[in-house]
Amino acid sequence: MYEGAIQDLIDELGRLPGVGPKSAQRIAFHVLSADPVDVKRLAQALQRVKELVRFCTRCFNVAEAELCRICRDPRRSDEVFCVVEEPKDVVAIERTGEFRGRYHVLGGAINPLEGIGPDNLRIRELMTRLADGACKELILATDPNTEGEATATYLALLVKPMGLNVTRLASGLPVGGDLEYADEITLGRAFEGRRAV
Ligand SMILES: [Zn+2]
């Protein structure tokens with residue numbers, strides 16, 4: 001529709017999740033009329049996130065060092081682990097202020113239709129972390145949808161022989177939904193009311 005650089009920008013923006021053609025066009029023209037300093041800052045932020053951010057070698061949350069902020073925090077309990085699908089779920093749970101333990105980010109959920117099995121998730125790494133026996137409770141906070149439930153069931157069976165207390169977030173979360181979209185109060189309550197599985 002447009003020529004050259006502006007169309008390139010619209011095309012790139014349009015490839016982002018949740019950005020339709022109209023939004024892509026609106027953002028592109030906003031960038032065009034914005035202060036060059038602001039645009040430079042945006043470009044640098046995009047570059048820096050790829051250069052600096054990596055995954056925590058222990059829990060696989062996003063990190064800017066070998067270990068993430070949560071793994072480095074000595075005040076957090078090593079006796080409770082919360083297993084989530086994605087780093088954005090860590091943020092959602094941190095917002096509730098209900099959890100003071102450690103996390104383990106699986107990197108997705110079991111989804112046979114998309115060819116994602118247990119071996120594609122960081123389950124082996126979780127088992128290695130649990131092997132020292134320090135963790136007493138494992139909270140399965142995978143999404144309340146089919147894939148999340150399947151993953152929680154798989155993990156519950158897997159860790160059962162280890163004698164851990166395994167819990168799942170209470171109902172009240174929107175079924176079929178995504179953990180990150182639950183509001184803080186609902187997610188906080190689901191945390192408090194977690195039940196043994
Ligand atoms: Zn970590």
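Structure shown above.
This section reports on the structure supplied with the text.

Rules and cut-offs
Residues numbered from 1 in each chain as written. Predicted model: local features only at pLDDT ≥ 70, side-chain atom pairs only at ≥ 80, totals over all residues. Heavy atoms only, no water. Helix = DSSP H or I, 4+ residues; strand = E, 2+ residues; numbered from the N terminus. Buried < 20%, exposed > 50% of the residue type's maximum accessible area, 1.4 Å probe, protein only. Contact = heavy atoms within 4.5 Å. Lys, Arg positive; Asp, Glu negative; His and termini not counted. Charge placed at Lys NZ, Arg CZ, Asp CG, Glu CD. Donors = N, O, S within 2.8 Å, 3.2 Å for Na, K, Ca; no water. Tetrahedral: all angles 85-135°; square planar, octahedral: opposite > 155°, others 65-115°. 1 Å grid on protein atoms, 1.4 Å probe; cavity = no way out; pocket = protein on both sides within 12 Å on 5 of 7 lines; lining within 4 Å. Points joined across faces, edges and corners; volume = space filled by probe spheres on them. Nonpolar A, V, L, I, M, F, W, Y, C, P; charged D, E, K, R; others polar. Expected span 1.5 Å × (residues − 1). Polar contact = N/O pair within 3.5 Å; in protein donor to acceptor, adjacent residues only side chain to side chain. Pairing = 2+ DSSP bridges. Right-handed = clockwise from strand over helix to strand, strands pointing away. Axes fitted to C-alpha atoms, helices over the stretch in contact; angles between N-to-C directions. Parallel < 35°, antiparallel > 145°, perpendicular 65-115°, else oblique. Left-handed = near helix turned anticlockwise from the far one by under 90°.

## Details of the overall build of the chain
What the chain contains, in helices and strands, is eight helices and seven strands. Considering only C-alpha atoms, the chain reaches an extent of 65 × 35 × 35 Å along its principal axes. Across the 197 residues of the chain, 39% fall into the buried class. Excluding contacts between residues fewer than 6 apart, the proportion of contacts in the chain whose partners are at least 24 apart in sequence is 57%. Positive and negative side-chain charges of the chain, numbering 26 and 30 respectively, have mean locations separated by a distance of 4 Å.

## A short note on the coordination of the zinc ion
Donor atoms from the polypeptide that coordinate the zinc ion comprise Cys56 (SG), Cys59 (SG), Cys68 (SG) and Cys71 (SG), at 2.3 Å from the metal. In this structure, the zinc ion is coordinated by four donor atoms arranged in tetrahedral fashion, with angles at the metal of 102 to 118°.

## Overview of the layout of surface pockets
Estimates place the volume of the largest pocket at around 280 Å³. Taken together, Leu9, Glu12, Leu13, Arg15, Leu16, Ile27, Val31, Val39, Leu42, Ala43 and Leu46 make up the full set of residues lining the largest pocket. Counting residues per element, the ones that place at least two in the lining of the largest pocket are helix H1 (5-14), helix H2 (21-33) and helix H3 (36-52). Looking at which element gives the most residues to the lining of the largest pocket, the answer is H3, with four residues. Residues that form the lining of the largest pocket fall into these classes: nine nonpolar, no polar and two charged.

## Details of H3
Taking 1.5 Å per residue, 17 residues should reach 24 Å; H3 reaches 24 Å between its end C-alpha atoms and fits that length. By the N-cap criterion, in which a side-chain oxygen at the helix start approaches the backbone nitrogen of a residue two or three places on, H3 is capped by Asp35, the distance to Val37 being 2.9 Å.

## Some remarks on the pairing of strand E4 (residues 102-105)
Taking every second residue as pointing to the same face, both faces of E4 are buried, with Arg102 and His104 on one and Tyr103 and Val105 on the other. The sheet contact formed by strand E3 (residues 80-84) and E4 spans four bridges and is parallel. Looking at E4, one finds that Phe81 is bridged to Arg102. A crossover links E3 with its parallel partner E4, the connecting element being helix H5 (residues 87-96), and its sense is right-handed.

## Structural notes on the side chain of Asn111
On the secondary structure map, Asn111 appears in the loop between E4 and helix H6 (123-130). Given a relative accessible area of 11%, Asn111 falls into the buried group. When sequence neighbours within four positions are dropped, the list of residues in contact with Asn111 reads Ile116 and Glu147.

## Thoughts on the packing of H1 against H2
Following both chains from N to C, one finds H1 and H2 inclined at 130°, their axes separated by 8 Å at the closest point. Judged on the interaxial angle alone, H2 and H1 are oblique. Crossing geometry of H1 relative to H2 is assigned as right-handed. Facing Ile6, Leu9, Ile10, Leu13 and Gly14 of H1, the residues of H2 in contact are Ala24, Gln25, Ile27, Ala28, Phe29, Val31 and Leu32. Its residues assigned to classes, the contact of H1 with H2 comprises 10 nonpolar, two polar and no charged.

## Describing the environment of Phe81
The topology assignment puts Phe81 in strand E3. With a relative accessible area of 5%, Phe81 lands in the buried category. Spatially, the C-alpha atoms of Phe81 and Cys135 are 6.8 Å apart, while their sequence positions differ by 54 residues.

## Quick word on the side chain of Thr167
By the secondary structure assignment, Thr167 is in strand E6 (residues 165-168). Dropping the residues within four chain positions of it, Thr167 is found in contact with Glu137, Leu138, Ile139, Leu140, Arg194, Arg195, Ala196 and Val197.

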